[in-house]
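# Close look at the chain arrangement
One-letter residues, chain by chain:
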Amino acid sequence: MAIIVNLDVMLAKRKMSLTELSEEVGITMSNLSILKTGKAKAIRFSTLEAICEVLDCQPGDILEYSEDQ
């Protein structure tokens, strides 16, 4: 897939666990894990907005396009 998910990078920068993000955003751990591993086929803008709000970042900090993939 040409879209790379850098959620783990942002979590590390914010010193936050996946569990903490899950609780603050209101998304299940399994759905966040699917997103984090890049196995998600889609993400709702409302979900992306909530993640960005909690992590205080931009969507581009989490999602990246690469032609090499």
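Residues numbered from 1 in each chain as written. Predicted model: local features only at pLDDT ≥ 70, side-chain atom pairs only at ≥ 80, totals over all residues. Heavy atoms only, no water.

## As for the side chain of N6
Selection rule: Numbering goes from the N terminus for both helices and strands, where a helix is a DSSP run of H or I of at least four residues and a strand is a run of E of at least two. For the exposure calls, accessible area comes from a 1.4 Å probe over protein chains only, and a residue counts as buried if that area is under 20% of its type's maximum, exposed if over 50%, partly exposed in between. Counting of polar contacts relies on pairs of N or O atoms within 3.5 Å, with two restrictions inside protein: one atom must be capable of donating a hydrogen and the other of accepting it, and residues adjacent in sequence are counted only when both atoms are side-chain atoms.
Tracing the backbone shows N6 in the loop between β1 (3–5) and α1 (7–13). We classify N6 as buried; its relative accessible area is 16%. At a separation of 2.9 Å, a polar atom in the side chain of N6 contacts the side chain of E64.

## Quick word on the state of the cysteines
The criterion, for reference: Cysteine sulfur atoms are paired as a disulfide whenever they come within 2.5 Å of each other.
A complete count under the given rule lists zero disulfides for this structure. Left without a disulfide partner, C52 is nearest to the cysteine sulfur of C57, which lies 4.1 Å away. According to the relative accessible area criterion, C52 is buried, its value standing at 9%. You can call C57 buried: its relative accessible area is 10%.

## Thoughts on the packing of helix α2 (residues 18–25) against helix α3 (residues 29–36)
For the record, the criterion: Interaxial angle, 0 to 180 degrees, is taken between N-to-C directions of lines fitted to C-alpha atoms, where a helix line uses only the stretch in contact. Geometric relationships in this document are graded by angle, where less than 35 degrees denotes roughly parallel, more than 145 denotes roughly antiparallel, 65 to 115 denotes roughly perpendicular, and other angles denote oblique. Helix crossings are classified by the rotation of the near helix relative to the far one: an anticlockwise turn of less than a right angle makes the crossing left-handed, while a clockwise turn makes it right-handed. The contact criterion used throughout is that any non-hydrogen atoms of two residues lie within 4.5 Å. Residues are grouped as follows: nonpolar covers Ala, Val, Leu, Ile, Met, Phe, Trp, Tyr, Cys and Pro; charged covers Asp, Glu, Lys and Arg; every other residue, Gly included, is treated as polar.
As a packed pair, α2 and α3 sit with axes 9 Å apart at the nearest point and diverge in direction by 120°. Between α2 and α3, the crossing angle belongs to the class labelled oblique. In the crossing of α2 with α3, the sense of the turn from one axis to the other is right-handed. Residue-level contacts link L18, T19, L21 and S22 of α2 to M29, L32, S33 and K36 of α3. Its residues placed into classes, the contact of α2 with α3 shows four nonpolar, three polar and one charged.

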